[in-house]
Amino acid sequence: MSLSTSTSWGTHHLVWGERTYVMGIVNVTPDSFSGDGISIPDLTEVELVQRAVRQAKAFVAEGATFIDVGGESTRPHAPAVSVQQELDRVLPVIQALQQQLPPEIILSIDTYKAEVADQALVAGASLINDIWSLRYDPQMVEVARHHAVPVVLMANMRGFARRDIVSDLLRFLSQSIEQALAAGIPWDHLIVDPGIGFGTTPEEDLIIQRRLGELRALGRPVLLGTSRKSHIGRILGGLPASERLEGTAATVALGIAQGADIVRVHDVKAMMRVVKMSDAIVRGTFELSVNP
């Protein structure tokens, strides 16, 4: 099933089905699994913000529509981060990005804490990316409703019994959609994410990718986040995160063929090329260069 709907809020407007949008990742953390966290020891707040702005501006120049800012590593067994520590990391970055990026760029806050989301939205973010699909913090649904912004609902299988992984994801996401709708969040503000690597095995991750198109039955846009994930490294012989570019490219291209609407990536320049080529084949959307 192809989407022909759109999502509008504030000054933003997204049309689903015509192209694949790219979300660039800005990890304001020292311990990201992918090794791209911009927070390092002895870095001042000014220096941290400057690094984040440089990275985000490069992503925008390379074609990103979304910039996803996160202040807590979500890798397995990562240490917990307090609300205040997360706020201290992300708020100065979001404020600077809101001032320095083009107004059409969508700033996303990657958090499962309502207080962080609320303050980030006040600071200039305009989308919530919640790895717990509004289930971790009971106040998150009210924050999303109050600010009238879209929400990425991610299926998180950590701690959940599984029978058939795709059916399990569909049930999980269906329940989250119903919870959001019951709380007054509009249907067109919901985006779903299968949660590759969040409580799933490498074998399950491959099944999810193979059957990603089944998530279209939910009727909402699909965000796919496979960039540099561990199953890519394991399949390619134990490659570290820094060497998973080609594997990520394969997951992005095949994800678009299965109906992904947004791809969340670390390597925007390379993945934008993959997206353009995949969209030309899958969606028939392309512009030919004057040079052969």
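All chains use their own residue numbering, which begins from 1 and follows the written sequence. Given that the model is predicted, a residue must reach a pLDDT of at least 70 before its local features are reported, and side-chain atom pairs must reach 80 or more before they are shown or counted; all residues, however, enter totals for whole chains, interfaces and linings. Side-chain figures throughout are based on the complete set of non-hydrogen atoms in the structure, without hydrogens or water.

**Let's talk about the pairing of strand β1 (residues 6–9)**
Here is the rule: Buried means the residue's accessible area, taken with a 1.4 Å probe over protein chains only, is under 20% of the maximum for its type, while exposed means over 50%, and partly exposed covers the values in between. Under the DSSP-based scheme used, a helix requires at least four consecutive residues in state H or I and a strand at least two consecutive residues in state E, with every element numbered from the N terminus. The rule for pairing is simple: two strands pair if DSSP sees at least two bridges between them.
Taking every second residue as pointing to the same face, the buried face of β1 carries Thr7 and Trp9, while none of Ser6 and Ser8 on the other face is buried. As defined by bridge partners, β1 adjoins strand β2 (residues 12–15) across four bridges and the pair is classed as antiparallel. Opposite Trp9, over in β2, you have His12 as the bridge partner. What sits between β1 and β2 in their antiparallel hairpin is a turn of two residues, with Gly10 showing a positive phi close to 55°.

**Observations concerning the nonpolar core**
Operational definition: For the purposes of this section, nonpolar cores are sets of buried Ala, Val, Leu, Ile, Met, Phe, Trp, Tyr and Cys residues that join through side-chain atoms within 4.5 Å. Contacts between residues were defined by any pair of non-hydrogen atoms, one from each residue, lying within 4.5 Å.
Among the nonpolar cores identified, the biggest contains 82 residues, and Ile67, Val69, Ile94, Leu97 and Ile128 are the most heavily contacted of them. Excluding residues that lie within four positions of it along the chain, Ile128 makes contacts with Ile109, Thr111, Ala117, Leu121, Met140, Val143, Ala144, Val149, Pro150, Val151 and Val152. Core analysis: the second largest hydrophobic core is formed by five residues, Tyr112, Ile131, Met154 and Phe198 among them.

**Here's the deal with the packing of helix α2 (residues 83–100) against helix α3 (residues 114–123)**
Going by this rule: Note on method: axes are straight lines fitted to C-alpha atoms, helices fitted across the in-contact stretch only, with angles between N-to-C directions ranging 0 to 180 degrees. What sets the label is the angle itself: under 35 degrees gives roughly parallel, over 145 gives roughly antiparallel, 65 to 115 gives roughly perpendicular, and the rest give oblique. Should the near helix be turned anticlockwise from the far one by less than a right angle, the crossing is left-handed, and should it be turned clockwise, the crossing is right-handed. Gly falls in the polar group here, along with every residue not listed as nonpolar (Ala, Val, Leu, Ile, Met, Phe, Trp, Tyr, Cys, Pro) or charged (Asp, Glu, Lys, Arg).
At a minimum axis distance of 9 Å, the contact between α2 and α3 shows a crossing angle of 20°. The angle between α2 and α3 places the two elements in the roughly parallel class. The handedness of the crossing between α2 and α3 is right-handed. Each of Val83, Glu86, Leu87, Val90, Leu91, Ile94, Gln95 and Gln98 in α2 lies in contact with α3, whose residues at this interface are Glu115, Val116, Gln119, Ala120 and Ala123. Taken together, the residues that form the contact of α2 with α3 break down as eight nonpolar, three polar and two charged.

**Observations concerning α3**
Those residues of α3 that sit buried are Ala114, Val116, Ala117, Ala120, Leu121 and Ala123. Here the buried face of α3 lies against α2, β5 (106–110), β6 (127–130) and α4 (140–147). Immediately beyond the C-terminal end of α3, within one or two residues, lies Gly124, with a positive phi of roughly 140°.

**Examining the pairing of β5**
Filter applied, for reference: Seen with the strands pointing away from the viewer, any crossover whose path from the first strand over the helix to the second strand runs clockwise is right-handed.
With respect to burial, β5 is a largely interior element, five of its five residues being buried. Where burial is concerned, the two faces of β5 agree: the one with Ile106, Ser108 and Asp110 and the one with Leu107 and Ile109 are both buried. Across five bridges, strand β4 (residues 66–70) lies against β5 in parallel orientation. What sits directly across from Val69, in β5, is Ile109. Note on the crossover from β4 through α2 to β5: the handedness is right-handed. Here three bridges tie β5 to β6, and the two strands are oriented parallel to one another. The partner of Ser108 across the bridge, within β6, is Leu127. Taking the sense of rotation as the criterion, the β-α-β connection linking β5, α3 and β6 turns out right-handed.

**Some thoughts on α4**
To keep it simple, the criterion reads: Think of it as the arc spanned by the lines of direction from the helix axis to the C-beta atoms.
The set of residues buried in α4 consists of Met140, Val141, Val143 and Ala144. Along the long axis of α4, the arc covered by the buried residues comes to 160°, so they all point the same way. The secondary structure elements touched by the buried residues of α4 are α3, β6, β7 (151–154) and α5 (165–182). A positive backbone phi angle near 55° is found at Ala148, which sits one or two residues after α4.

Distances and angles like these do not, on their own, reveal function.
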